[in-house]
Amino acid sequence: MTIPGTGRYRIGVDIGGTFTDGTLVDSATGQVTTSKVLSTPADPATGFIAAVKKLLQSESSIAPGDLEHVVHATTVATNSIIEGKLAKTAFITTEGFRDMLEIARQIRPSLYDLQFVKPPPLVPRQLCFEVSERLDAKGQVVTPLDEQSVAQVVERIAESKVEAVAVCLLHSYRNPDHERRVGEALRARLPGVIISLSSDVVPEFREYLRASTTVINAAVSPIVSRYLKSISEKLEDAGVTAELLVMQSSGGVYPAEAAVRSPVFMVESGPAAGAVAAAALGSSLGYPNVLSFDMGGTTAKVSLIRNGQPNVTKDYSVGGAAQRGTGAFGGASGYPIRTPVVDLVEIGAGGGSIAWVDSGGALRVGPHSAGADPGPVCYGLGGTEPTITDANLVLGRLDPDYFAGGEMPLDVEAAQAAIRVRCADPLGLSVEKAAYGIVEIANTAMVNALRLVSVQRGHDPRDFMLVGFGGAGPAHAVRLAEQAGIPRVLIPVGPGTASALGLLVTDVRMEGSATLIVRSDEVELSRIAAEFKRLETAGRESHKIAASASGDPVFERSVEMRYWGQSFELSVPAPDLPDIDARWMSELVEAFNDAHETAYGFRANGEPVELVNLRLTTVGKIARPQMKKLETTGTDASVAVKGQRDVYFAEDVENSGHEGMVQTSVYDRARLPAGAVFRGPAIIEEPDSTTVIHPSWTVKVDDYGNLVLQR
Amino acid sequence: MTTAAIDPIKFEVIRNALTQAAEEMAIALRRSAYSTNVKTRQDFSCAFFDKDLRSVSQAFTQPVHLGSFVRHVPIAVERYGPENLDPGDMILSNDPYGGGVHLNDISLIAPVHWQGELVGYTACLAHHVDVGGGAPASVGAFREVFQEGIIIPPIKLVARGKIDDDLFRLVLAQIRSKRETTGDFRAQIASNRTGALRIVEIIDRYGIDEFYRYIDQIIEYTDRRTRAEVAKLPKGVFEAKGFVDNDGFTDGVVTLAVKITIDDDGVRFDTTGSDPQRRAPVNSTYAQTFSACAYALRALMDRDLPVNDGFYRYVHVNAPEGTVTNCVHPAPVVGGWETHVRLNDLIFEALAPALPDAVCAGTKAMQCHAGFGGENPETGEYYCFLETLAGGYGARSTSDGPDAVQCHGQNTENAPVEETERNYPVRIARYELIPDSEGPGEFRGGLGLRRDYMFPEEATFTVLADRDKAGPHGLFGGEPGSTSVYALIKNQGDGKHEERLSSKTTVQMQPGDVISYRTSGGGGYGSAFARDPQHVLADVLQGKLSVERARSRYGVEIDMAAYAVDRSATLELRRGK
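Residues numbered from 1 in each chain as written. Chains lettered and ligands numbered in written order. Predicted model: local features only at pLDDT ≥ 70, side-chain atom pairs only at ≥ 80, totals over all residues.

**Looking at the overall build of chain A**
A tally of regular secondary structure across chain A gives 17 helices and 35 strands. Considered along the principal axes of its C-alpha atoms, chain A spans approximately 80 × 60 × 55 Å. Looking at the 711 residues of chain A, the share that counts as buried comes to 57%. (Helix = DSSP H or I, 4+ residues; strand = E, 2+ residues; numbered from the N terminus. Buried ≥ 20, exposed ≤ 12 C-beta atoms within 10 Å, placed from the backbone.)

**Regarding the sheet that holds strand β12 (residues 369–375) of chain B**
Residue and element names in this part refer to chain B. Overall, antiparallel pairing links the 4 strands, which are arranged β13-β12-β16-β19 in an open sheet. In this open sheet, the two strands that pair with only one neighbour each are β13 (382–388) and β19 (504–509). Geometrically, the sheet is characterised by an average inter-axis angle of 15 degrees between neighbouring strands, direction not taken into account. In this structure, strand β16 (residues 459–464) lies alongside β19, joined through 6 bridges in antiparallel fashion. Note that in β19 the partner of leucine 464 across the bridge is lysine 504. (Pairing = 2+ DSSP bridges. Axes fitted to C-alpha atoms, helices over the stretch in contact; angles between N-to-C directions.)

**Notes on the interface of chain B and chain A**
The interface is formed by 66 residues belonging to chain B together with 55 residues belonging to chain A. Residue assignment for the side of chain B that touches chain A shows that the elements contributing at least two residues are α1 (8–32), α5 (178–206), α6 (208–232), α7 (286–299), α10 (417–423) and β14 (427–433) of chain B. A per-element tally of the side of chain B that touches chain A places α1(B) first, with 14 residues. Here the side of chain B that touches chain A is built from residues that sort into 30 nonpolar, 13 polar and 23 charged. (Contact = placed C-beta atoms within 7 Å. Nonpolar A, V, L, I, M, F, W, Y, C, P; charged D, E, K, R; others polar.)

**Section: the environment of Ser353(A)**
Residues and elements named next belong to chain A. Of note, serine 353 is situated in strand β21 (residues 353–357). Sequence separation between serine 353 and alanine 277 is 76 residues; the distance between their C-alpha atoms is 25 Å. Excluding anything up to four places from it in sequence, serine 353 contacts Gly348, Val365, Gly366, Ser369, Thr387, Ile388 and Ala442.

**Details of the sheet that holds strand β4 (residues 105–114) of chain B**
All names here are of chain B. The sheet built from 7 strands is open, its strands ordered β2-β1-β5-β4-β3-β6-β7 with antiparallel pairing. Where the open sheet ends on each side, the last strands, each with one partner, are β2 (55–58) and β7 (162–163). Direction of pairing for strand β6 (residues 155–159) relative to β7: antiparallel, over a ladder of 2 bridges. The residue of β7 that forms the bridge with valine 158 is isoleucine 163. Across the sheet, helix α3 (residues 63–80) touches β1 (44–50), β2, β3 (90–93), β4 and β5 (117–127), and the angle it forms with β4 is around 60 degrees.

**Observations regarding the pairing of strand β17 (residues 485–491) of chain B**
On any regular strand, side chains alternate: one points to one face of the sheet, the next to the other face. Residue and element names in this part refer to chain B. Here 5 bridges tie β17 to strand β20 (residues 514–518), and the two strands are oriented antiparallel to one another. The residue bridging tyrosine 486 from the neighbouring strand is tyrosine 517, located in β20. Here β17 pairs with strand β18 (residues 496–500) via 5 bridges, running antiparallel. The residue of β18 that forms the bridge with isoleucine 489 is glutamate 498. Counted between consecutive antiparallel strands, the loop separating β17 from β18 contains 4 residues, among which glycine 493 sits at a positive phi close to 80 degrees.

**Quick notes on the domain arrangement of chain A**
What the domain assignment lists for chain A is domain 1 (9–80 + 225–266), domain 2 (81–220), domain 3 (270–506), domain 4 (508–620) and domain 5 (638–710). Computed from C-alpha coordinates alone, the two centres of domain 1 of chain A and domain 5 of chain A are separated by 35 Å. (Domains from an automatic or database assignment.)

**Some remarks on α7(B)**
When the terminal C-alpha atoms of α7(B) are compared, their 20 Å separation across 14 residues agrees well with the 20 Å that a helix rising 1.5 Å per residue should span. Among the 14 residues that make up α7(B), 14 are buried, leaving the element largely enclosed by the rest of the structure. (Expected span 1.5 Å × (residues − 1).)

**Describing the confidence of the model for chain A**
Residues and elements named next belong to chain A. Looking at chain A as a whole, its pLDDT mean stands at 87, while 94% of the residues score no less than 70. Every residue in residues 1–5 is under pLDDT 50, and counting partners more than four places away or in other chains gives 15 contacts. Here residues 322–330 is a poorly scored stretch, pLDDT under 50, and it has 23 contacts once near neighbours within four places are set aside; other chains count. (pLDDT = per-residue confidence, 0-100.)

**Describing the confidence of the model for chain B**
Mean pLDDT for chain B: 93, with 99% of residues reaching 70 or above. In the predicted complex, the global pTM is 0.89; the interface-specific ipTM is 0.93.

**Things to note about the domain arrangement of chain B**
All names here are of chain B. Annotation of chain B at the domain level lists domain 1 (3–224), domain 2 (360–528) and domain 3 (533–574). The interface of domain 1 with domain 2 comprises 21 residues on the first partner and 28 residues on the second. For the side of domain 1 that touches domain 2, the secondary structure elements donating two or more residues are α2 (36–39) and α3. Ranked by residues supplied to the side of domain 1 that touches domain 2, first place goes to α3 with 3 residues. Residues belonging to the side of domain 1 that touches domain 2 are distributed by class as follows: 8 nonpolar, 8 polar and 5 charged.

As structure tokens, then:
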């Protein structure tokens, strides 16, 4: 049992592939303390509690009881899917459709590969069962549920000793009665076994997508449950009784109790935190529309935030190879889930991505990564293939003696030699030009990712601010902005751990949805009102378990719509009117026409519009911590200059006359006063990151120490 | 222009941007389309061509289209006359005898202008669910192309950004599923517009001269890499013969022959020896045969190789005119893709001795169309539905053939049962794998699948498929996969009566009638008696293979009480084999 904390402190913990980041915020003063410990993949809870303890120890005045809550982002669910370490799970469906998971979408994950393999189904065929029953598309009973066939299946499942059962019967999104009866029979016979019904998890049509989501929910549930239990115990041992909240894929948090019941909503918990952090930062500084750019050691993630909210999608596959993010062509290599996921594109471009020359003589970067071991050549840990980090070092953008705050000296000559042998010589380029090329090509891939989340969704990147963070983000952000035509860049305080801060600036969100699938000119308006009412009641109920949320919940209503005959819906906010009447409907349809025109370039006025799903999100507001202002102010940045060095800039020869190695001032970020203004080229260093300011950009340090960069 | 003058960085940037433009076209098309065939099954393709009509970049959707598209688009544009194209125009075409394929595959081609200058073309092809003709969904066995639907020579559907309403009404008047078709055409227009915007952005950024120069370089780059890949292929002459099971009117097989010559000059495909064209739907146009050869060659190369003119120029095809591999007017063509996909299997069969680790055994190697339509009693609209079904994939030298997937140039998704039943008056009664349908082998072929369609109301149903006489071939001692079955099941009061259907036929369905497809399994690779008994056991435990078949075809005795291989009995069974 968790009780609301009495104190004023909050902790966020984000577990990454290499490091576990902790952030502690003092709600009263805005003081932020961070901790970084090595991740412990064998038992992530060990790293988790180490990060928490380190935070508590760093501020001697804090007692564990002073904590209000602990928010956690975890990849435990994703990893269990990718590594095939799911709980033993059975699947029940309608007679005649046992192979739904096995057949999946009947497509191959790659077009020209004769040696391809299909991803194995998450439930093996011997654990897939059929019951005799059938509904039609209106939810009417064609074949009544045969209780005897249910009893037989339940008995066989009991013999097979599973930890979880997923049930997905045809058309249950329309009429859940048969599924519920199967669920009751399972619960009666199999106490302690997790039962997930598709009509509870995602009551939406298209059986394979619903089944896949339900199976993942069931199969990760025992794992998530054990993991969160272990974390709760460790927190209790440490004297922490504050509520444990978990980050969802959608960017909201929910109580650990809800996470155990609906773990499929937290599958992409980790990446969502970064987007939320960017959204919160942007909003607090008066920039509600931002592009979030989070670049670490192996990947870069970009997402779009509008009106302070990350864009959320439901076209998503978990564990897909060559993930193109959430586009319609996610392909057949992963497992689809139909829960809201922050719409982000993740690409294999991180500091460790390897540069190479292909058989046609083109310079390429990634998708292979040197990772942390052996890592880039310059680490001197045995790496032989040049990486983006090596290129940045050769270009003078990184300081060999101040990497990780000087804890890890970098070998410039080894990086140069590797780039010469692998890239420069084969292409007939100088080492600097080749290094520059490596960075530019990686930037291009990231610009494409930015375009996918912006232009392709109908948003002009020029209307946004780019927020660059993650260890490698600040070195690339300005150049990306130039290429994508983005006029402003924000580099937050502590960019290396900014993601963990995102955990502390979001609300409790509980998703609810109902499928309608009815034309706007045929729907009974009272039915819409009744469904929203029902979702609201359920939302209020779920809100009660979230101790940290203050006051009454707020409800966000939206409708997923399409032209009658289309297959892909656009989500439209429900009109903010007191009654659901003819005016409400006409405003809704008009909003849909607008959204469709924005997304696809045309509107079909007068064509029937279909209302597919009603969504209601119950939001329990959590007060935001105040940010802390810098203590020193002054316009003169020169106090922070720690030296000069040669840095390579080439991209805007015409504009600035700069090309090649340019003598550049290096600033110590910690010494920059609020209000300082200076022009690029410049390098700004801090222990966990380096910001590269290209010529013709101006830096302004805001009151809180964020860097606001403008052309 | 020498390579040295090229900035490798700008090169990679422009190359990615051009690919991205085609991908964005595909996303716009899919998400705004109306028919299940386009929006869900992804039966479409998108590409960008330069001003000289060379293929530059493609979206990775359906390789069958992409291979034929590169022939159709240049011919359509040349026939219409590029000089007759203004900014904002789009031309429509599906003429099989104008470089096209079957009539359902309609291309929409848009010139791209930059500052008034023609700089290239965006083009998208969508398989329309109906184009008129003798049966709903425009699939069926007919004698002449005229019976197969509306033939559209290159015509200007969109003039300076505005649809020609008269023309559009004329086209729609021929078509059963007017609402869906209207939506799909609109999606094609949106797709081309999206592509053009992206291309213009690229030119704005780099300038027109650089744009042209780098397109040349992208094609030359692909050429260099393709040449290097071709040089790695084994030299020699490789041949195979096979057949399409029947032509839809006569029961005799349609013979296909292919000869592949690989020497210092490259790779040449020759279909001499294939049967004369039929007055039946199995004829492939030259574009379709070219597409089969292009797919086969591409599948033997580095997976990372771009596909554009620099690759296609290495695909040399001699298909004698007047044969089923290069038919002449007015032969019907709707089933030409069946011939095309069999050619694919034959090419891999021919190359197997030389490339044993690169190829796969026989796949389902048919498109396997299921088309139906009629009046929807709820809406009063004429509806049409089309889908193609998966089958078993062929085994490879180190792995089993996957179960129930599309093969070769075809990679269309299945239609979700719930979506299908919501939109059309049909009930899918079964959709499942067929145990024991695999071609046995050390590595087994994939399982075929069964899909049963029950009609509560009258409807017209067309089977346009193949493989009911011989299953997909095995390799190196592997055995063929099962043959397909197409059956009509009538409930006649005294129980169910099942009647076998031809693989190419149109049937009038009475309320309650069921059509059952059971598609072929994939061919096996290597001797089944060499298969690891544990793999046999795993298949038996999963219910994919029966105990009897494990014993008789693999020489493996399974002890079902112990869930284990009976080793001594297995040794006994395998002795002397």
